[in-house]
Structure formats: structure tokens, C-alpha cells
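# Coordinates in review
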Amino acid sequence: IDMETERPTYDNDIEAEPLVIRTVHASTVTPTSTSTTVTSGNPGMATCGWMMVLIWIPALLLYFRKAEFSYFLPDIDAGTVDDSLDFSNILDLPPVPDVSQVPQPVEPEESIVKELVYINPVAEESSDDDDNVTSEPTEPPTLVNTENGNDDLEDHWNNTDVNSMERWGAWKFYDGNEDLRPTNDYCGEYPNRDIPGDKLPEYAWQDDAVYVNHFIDEAFHLVERAQEAIYAEYGLTDPANYEPRQQLFGVQIIDCDSLSDGDELGDSFLQDLVTGQGGWICESSYDNLVKRLLHAMLTNDSFTIALGGDSAAAGHGNHFAQSYLHAFAHVLEPVFQKLNVQLVVRNAANDGGITESALGSRDIYGEVDMMLWDGEEDTEEGTIDLFHRQALLGNRAPLIWTRHSNVGTLQKLYKETGCDLGGFTGTLHKFPETTSIDQAATLPFATQFLHCHKELKQVCDAPTNKYRTQCWVERDDYTPATKQDDFVGGRASWQPGFREHQAIGRGLAMTILDALDAALSLWSEITITDGFPLPDDYWHLTPHYQKIHSNVKSSTLSACHETFTFLPRICNTALHGRTEATPRANPEHTSIRSIVKPDKEGTGILYAGSQSMAYEGDDVPNPALQVPEGEIDVREILSRAIIHEDRGMRSLNGEGSFTDGMDPNRLLNNNNKNNNNNKKKKKKADIKAAADADAKAVADENAKV
């Protein structure tokens, strides 16, 4: 939504110039009012018009019924799902949502669905003969009578597991023509995987209207499910409760092009706009983030985020898995996996060393789509500029995302290079306030001791409330000879605790989910009018990368040049490096050992004092990284998928070695590969006949669409 607001009035009571801000927030499902007008004129046209009205009336009634209840009613399709998967080694610790605040649906007047609410309709499993048709339910859905209020519905929710599939639904998309798809990496043959639409091979899914339409529809549900699950972690279960949701995770989209040189994107300016963890982003950069996500989905590419910064960003005092970048990935990995995109995150923050890391950026951070900087506030401008310029010289010219670090310098970089720019402030004052120990117990777990009353600061900063770590978990097959520490070291008054890291990670997740929602909307809207595949201009990125590279290389008046006068070329030339320091991307290929010649016997350099592993096998689940019983488990909710056995995919039933000790997401991928290979061998002789039949079916379906 585009809206014009005024910047806040400052202490001198001089009103600032208006600033155009577009506020993006997680979608909430509300019915859309529709009107139909029939004008007099040609009688035949009028007759046709009234016929269209009569046709659309039942459709609109069905739409209203679905729209009004879709935010809390699951959409369950055929197949089998395991509702008791072991997601034990996980780190987010959410609260139990307040199910008493179930949203009260607003019914259309005189609606025939006024007294009934559909709960958990189960559809019939599709057969091999009807791959592309979603079957209607074969049994009547469970009905809850709401004629006398919402008591029955509340009882239904109160008696439902907070993480159950019945409440949240599951991913149910599958490819009915999987056997026909090309198996080669046809996108990889083009720079940055920007394959022209007219070069897509026959049966490529990107050009299949049936596939894409069903995929987009299911992806919309997935994104909404992710947003609502995160809101539920923080007690915001009512979709109508817009303002608190916006204050915690709203994204402010700023028209950075309209800012004058005096309107620097400084911390004080941004904190007046950004109240929570959602952050801010320049309008053109948001549009390019949407394009980056479309590109990743359309090319089945990776989406990589790297973080540079100080010890706080690295997560000192916490488990590394609790740092906010990993908290982000923990909940969004299953989302990207279902969208056929590999999500990669690299927390390469450390206590110092920004200049050294920047001088080998291409290898230490690797190729990234989004580069985060979260360092000391007093870091020199030229050093930060070097860090970001080296990142922009990477193949993918990433979106720059920053926190309280001379943002005004980045405004200059934005105007000079045309780079993508955004960031976050990390403020906590809009989260529920903890006023006492007893009162904290009534808050959602994720918000306890997060934002504290000034008189309770000492209690909130107590290690037992701020951190949640455990160094060693007893196991049956090994006992360490050395006594292990009770908790992770590095605790300091300035280090954020696990709840703050989780809040920052969820804020970043909400930003990406907002952009994913916008990307899916654009994909759907454009293909309705322009057909399939989506036109290249909406997702090809090579021209955007090339423009940024050219601008960075030609720049000579930056803060980097002013600081590094003795070697200005480092501000314009992509640099590589080799080091033994960690963390770094691709450690085996970026180490000093990788470029040292072996001796006559062919032996390379080995680590001195190398020791064998103390024990084999997986680690015992760490209680500090598990979601407590009865709490919202975002990753579990988003990991569920209904598996169609007739598509060569086994059901997730939790039995036997099929699921033992494996990540369910990777388990699905591996099992699908094996089964699909077997199916291709078995059906090789019939593939031409099947291709002809399916081509006709697809053509018929396209005509209907």
C-alpha cells in the first residue's frame, strides 16, 4: 500500500518534509468487496451481463466463505503425514498462543454459511489416472455449529495440539508430470542462471501453466502459515490485531531516491520509523529483492545470506545455533526447501577483523545474495565502505543489510552505485514489557525478560533469564575425560541473549516472507495476462548486477578512497584471499593449505596434533535447543508435507530406518531421488506415449485456465 506520511517533529518543533513510505506487513485474510454494474444498451449484451452475474453469485459466496475462514481453517488434501516427527534438535522456544483470542469471522449478511464452519475437510487421494485433478472430499467435513456463538470453535482449538496439522495444515503440492521433466541443469548453461524463456526445454515446469498455478497457490498458503506461526510465538494469534503485529515485525519501505543529501539515513531517523524487528528497505531495493526471490524460485537456485560483524552478531555467550542468522534459517529452511530453493546462511562475524575479512571478501564470505553488517557503532566509515564495496563486486552484487553502522555512508553508496540497501535497528521497546518475575511467567516464552522495566533490569540481565545454554549432554556410549563447562562462555553485559537473537532472526524472516508474498503475487498477476513462462524482465538479474559492478569500479570519491589513500584500487577491485582463520566459506578451498605445494611424497600440510573424533554418530539432542512441550514449534509446522505415494514418494510414518536420525526435509529429497530414478527406468519404454497424452492434457488445462 502506498501512503504518504510526515516524518516526526523534532525537539525544535520544526516539521520535517513529507516522506513517502510504503508499509509492508504480513498478509491477513479479509474478504474483498466486489460490485457488479450492468448498464443498459444492447439487449443481448444485457442478457449476457445478467447471466454472468448469476454465474458469479455462487462463486462469490464460496469465495467469501473460504476467505473469511481461511486464516484458521486448514486445507487438507489427500495423502499421509506423520504428525509426530522428531524435531528435537531445534532452537526456537516460542510461547503457547492465547487460543481464547480466536478471531471472530465477519459473516456476509444472509449468508447460507452463517451457521456452519468447515473444519478439516479431507479429500480423496488422487489416482494415477487423474494426476492433475484435486479431488472433492468423499466424506462430509467436520462441522462446528456457531449459531450460538463461537464456543464450539474455541473448544475445538483448546483441545487441539498447538502444532498439529489439523490446526496449521501442511504442504500438499506435487508434480503430476515429474517423469516428463528435463533432468539436466538447463538454467546452469546461462550466466547467473538467467535462461531466456524461449530457450526453456520441452516439458520444463516453468512453462507449465498447471504446475505453476498450483505451485503458486500452495506457496501462498505456506508463506501465510509461516507468518501466522511466527506471530503465534509472540502471542499475536488474532489476524485482526494489526497494530501490534506491525509494531513488532512491520517493514518500512522508504523512497530513498526522494531523500535529499541532508536527509541521511541515520540511526535517529530510522528509529523514528522502525519500531520493531522488521527493519527498513529502499523501495527500489525491495522490488529487486522480490526479483531475486523470483529468480531463485524460477531457476531452482540457492539464496545465500552472509553476516559480518562483531562478537554480539557472532552470538557470543549463546550457542552458535542460537545466533540470529541461524535462528532465521532454522524456521525458513523448510519454506525454501518446499519452494525448491537451497537456503544458505553464513555467520562469519567475529570479534574484530573487518578490514582483513573485507580484503578477501570473495572467498571469506563467498558468493551471496544478501550481505549483513552488524558491527561496532564506532567503526570507521571508510572501513565499512570497503566492506560493502567488496561485497558488491561479487558476482551477485548482493542486497546490503546493515544495523546501526553509519547508515548515512550507505546512503551515499546507494546513490553512487545503485545498489540494493536496507537494514534493521533491533529495537525491543515495543515487545511486551516484563515488570516482575511473576508477571513474566504470564507472557509468551519468546518475550519473557526481553523488554524489561528499568527497575527490573538486573533481574532480566541475570544469566538464568538472559541465556539458555548447556555444553554437554550425557550419552550412553561416551564419557569425556575432562570435565565439561556448565554453560557456553563469552557472557558479557553487552551481549544479547537468546531471546533477543531469536527476535532479530524472526524480524529478518518476516522481511523475507513479505517479499516472497509479493513475488508470488507478481508471478501470478503477470502470467494471468502475459502467459507462461513469466517474462524475463521480471526475474533476470544479470543487467542489474552489471550496472552495480560498473558503478563501483568507476567510483573514485568514496569514503573508502578517502581512508585508503595509499592503495585506492582496493575500493574498485574484487579481492580474493586464503587464510586459516575461521569462520569462512568453503574452508577446504580457501585455506592456505589449499595453495601450498605438496612434498615429494605428495603429502600436503596437516594440522599439528590432529586427533580422531572422540565418538561417532549424532549428538544427543540438547535441551537448550529444544522447543518446550506445549509451545509453538515454527519449524515443525512448516516442515510438514503430505506425501503422495503414487508420485513415487513414501509416506512419512516415523517407522523404521527410513526416518531414523535423518532431517525430514533432506530425507524427502533423498527418497524422492531414488524412487524417481526407479520410476524413470521402469517407464522408459512408455515415455513417448505418456508424453503425448500429458501434452494433450496440459493443452486442455491451459485452455481452461
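Here the structure is a predicted model, which means the values were calculated and not measured.

## Structural notes on the overall build of the protein chain
Of regular secondary structure, the protein chain possesses 22 helices and 13 strands. Out of the 705 residues in the protein chain, the part that is buried amounts to 51%. For the protein chain, restricting intrachain contacts to residue pairs at least 6 apart in sequence, the fraction spanning at least 24 positions comes to 76%. Just so you have it, the protein chain exposes about 34,200 Å², and 50% of that area is on carbon and sulfur atoms.

## Quick notes on the pairing of strand S5 (residues 251-254)
Consecutive side chains along a regular strand alternate between the two faces of the sheet. Burial along S5 is two-sided: Val251 and Ile253 facing one way and Gln252 and Ile254 facing the other are all buried. Relative to strand S6 (residues 280-282), S5 runs parallel, the two sharing three bridges. Paired with Gln252 across the strands is Trp280, a residue of S6.

## Examining the side chain of Gln206
Within the element layout of this structure, Gln206 appears in the loop between helix H3 (165-168) and helix H4 (209-233). Note on Gln206: relative accessible area 4%, which makes it buried. Within the local environment of Gln206, its side chain forms a polar contact with the backbone oxygen of Leu298, the two atoms lying 2.7 Å apart. Setting aside chain neighbours within four positions, we find Gln206 in contact with Tyr186, Cys187, Leu200, Val212, Leu298, Phe532 and Pro533.

## Description of the packing of helix H7 (residues 283-298) against helix H17 (residues 498-530)
The geometry of H7 relative to H17 is characterised by a closest axis approach of 9 Å and an angle of 70° between their N-to-C directions. Classified by the angle their axes make, H7 and H17 are roughly perpendicular. Only Ile512, Asp514, Ala515, Leu516, Ala518, Ala519, Leu520, Leu522 and Trp523 of H17 make contact with H7, whose side of the interface consists of Tyr286, Leu289, Val290, Leu293, Leu294, Met297 and Leu298. In terms of residue class, the contact of H7 with H17 is built from 15 nonpolar, no polar and one charged.

## A look at helix H12 (residues 381-392)
For an α-helix, the turn length of 3.6 residues means that residues three or four places apart are oriented alike. Between its terminal C-alpha atoms H12 stretches 16 Å, which fits the 16 Å expected from 12 residues at 1.5 Å a residue. Most of H12 is tucked away, with 11 of its 12 residues classed as buried. Restricting attention to buried positions, one finds in H12 the residues Gly382, Thr383, Ile384, Asp385, Leu386, Phe387, His388, Arg389, Gln390, Ala391 and Leu392.

## Some points on the pattern of salt bridges
What the rule picks out here adds up to 22 salt bridges. Lys483 is the partner of Asp486 in a salt bridge, and the nearest nitrogen-oxygen pair spans 3.8 Å. Accessibility expressed as a relative area gives 66% for Lys483, which makes it exposed. With a shortest N-O distance of 3.1 Å, Arg640 and Glu636 are connected by a salt bridge. Look at the salt bridges and you will find they share partners, linking Asp185, Arg193, Asp301, Asp369 and Arg396 into a network.

## What to know about the nonpolar core
Among soluble globular proteins, nonpolar side chains are generally buried collectively. Counting residues in hydrophobic clusters, the biggest one holds 85 residues, and the most contacted among them are Met297, Phe328, Leu332, Leu339, Leu372, Leu516 and Trp523. Here this core gets 13 residues from one element, more than from any other, and that element is H17. Membership of the second largest hydrophobic core comes to 35 residues, among which are Val274, Ala306, Tyr365 and Ala391.

## Quick look at the packing of aromatic side chains
Summed over the entire model, instances satisfying the criterion amount to 22 aromatic pairs. On the basis of an interplanar angle of 20° and a centroid distance of 6.0 Å, the ring pair of Phe303 and Phe336 is categorised as stacked. With Phe303 in strand S7 (residues 302-309) and Phe336 in helix H9 (residues 324-338), this pair connects stretches of sequence that are 33 residues apart. Exposure remark for Phe336: the relative accessible area of 2% places this residue in the buried category. Taken together, a centroid distance of 5.1 Å and an interplanar angle of 50° make the contact between Trp373 and Phe387 tilted. One end of the pair, Trp373, is in strand S9 (residues 370-374); the other, Phe387, is in helix H12, with 14 residues separating them in the sequence. Each member of the pair, Trp373 together with Phe387, is buried. Here the aromatic residues Trp171, Phe173, Trp205, Tyr211, Phe215 and Trp523 are joined through ring pairs into a cluster of three or more. The cationic tip of Arg491 hangs over the ring face of Phe487; the distance from NZ or CZ to the ring centre is 3.9 Å.

## Brief notes about H9
Taking 1.5 Å per residue as the helical rise, H9 with its 15 residues ought to reach 21 Å, and the 22 Å between its terminal C-alpha atoms agrees with that figure. Largest kink in H9: about 45°, centred on Leu332, with the proline Pro334 one to four residues after it. Where burial is concerned, most of H9 is hidden: 13 out of the 15 residues are buried. Note on H9: the residue one or two positions beyond its end, Asn340, has a positive phi of about 65°.

## Some details on the confidence of the model for the protein chain
Looking at the protein chain as a whole, the pLDDT averages 75, with 65% of positions reaching at least 70. Mean pLDDT across the elements of the protein chain bottoms out in strand S3 (residues 116-119) (30) and peaks in H7 (98). Overall, residues 1-55 carries pLDDT values under 50, and its contacts beyond four positions in sequence, including any with other chains, amount to 78 contacts. Confidence over residues 648-685 falls short of pLDDT 50; this stretch has 53 contacts with residues more than four positions distant or in other chains.

## As for the state of the cysteines
Here a disulfide denotes a covalent bond joining the sulfur atom of one cysteine to the sulfur atom of another. Counted under the stated rule, the structure contains three disulfides. For Cys452, the disulfide goes to Cys460, at an S-S distance of 1.6 Å. Taking the torsion about the sulfur-sulfur bond, which here is approximately -100°, the covalent link between Cys452 and Cys460 counts as left-handed. Cys460 carries the same exposure label as Cys452, and that label is buried.

## Some points on the pairing of S9
Counting buried residues along S9, five of its five residues qualify, which places the element largely inside the surrounding structure. Neither face of S9 is open: one carries Met370, Leu372 and Asp374, the other Met371 and Trp373, and all of them are buried. As paired strands, S7 and S9 are joined by five bridges and run parallel to one another. When the bridges of S9 are listed, Gly308 appears paired with Trp373. With four bridges joining them, S9 and strand S10 (residues 399-403) adopt parallel strand pairing.

Definitions and cut-offs
Counting of residues starts from 1 at the beginning of each chain's written sequence and follows it residue by residue. Only residues with pLDDT of at least 70 get local features here, since the model is predicted, and only at 80 or more are side-chain atom pairs given and counted; chain-wide, interface and lining totals rely on the full set of residues. The basis for every side-chain value is the complete set of non-hydrogen atoms in the structure, without hydrogens or water. Helix and strand assignments come from DSSP, with helices taken as H or I runs of at least 4 residues and strands as E runs of at least 2, each series counted from the N terminus. Type-normalised accessible area, obtained with a 1.4 Å probe on protein chains alone, sets the label of each residue: buried when under 20%, exposed when over 50%, and partly exposed for intermediate values. The contact rule is simple, with two residues in contact once any of their heavy atoms fall within 4.5 Å. Per-residue and other accessible areas follow the Shrake-Rupley method at a 1.4 Å probe size, with only the shown protein chains counted as cover for residues. We call two strands paired when DSSP finds no fewer than two bridges between them. In the analysis that follows, any N or O atom pair within 3.5 Å is treated as a polar contact, provided that within protein one partner can donate a hydrogen and the other can accept it, and provided that, for residues neighboring in sequence, both atoms belong to side chains. To get an axis, fit a line to the C-alpha atoms, keeping to the stretch in contact for a helix; angles then go from 0 to 180 degrees between the N-to-C directions. When an angle is under 35 degrees it counts as roughly parallel; over 145 it counts as roughly antiparallel; between 65 and 115 it counts as roughly perpendicular; any other value is oblique. Basically, the charged four are Asp, Glu, Lys and Arg, the nonpolar ten are Ala, Val, Leu, Ile, Met, Phe, Trp, Tyr, Cys and Pro, and anything else, Gly included, counts as polar. An expected span of 1.5 Å times one less than the residue number is assigned to each helix. The term salt bridge refers to a side-chain nitrogen of Lys or Arg lying within 4 Å of a carboxyl oxygen of Asp or Glu. For this analysis, a nonpolar core means a set of buried residues of the types Ala, Val, Leu, Ile, Met, Phe, Trp, Tyr and Cys, connected via side-chain atoms within 4.5 Å. By convention, a stacked pair of Phe, Tyr or Trp rings (six-membered ring in the case of Trp) has centres within 6.5 Å and planes under 30 degrees apart, an edge-to-face pair has planes over 60 apart, and any other such pair is tilted. Consider the ring centre and the ring normal. A charge sits over the ring if Lys NZ or Arg CZ is within 6 Å of that centre and within 35 degrees of that normal. One fitted axis covers the seven residues ending at a residue, a second covers the seven starting there, and the bend at that residue is the angle between these axes. The score called pLDDT rates the predictor's confidence residue by residue, from a low of 0 to a high of 100. Here, a disulfide means two cysteine sulfur atoms that sit within 2.5 Å of each other.

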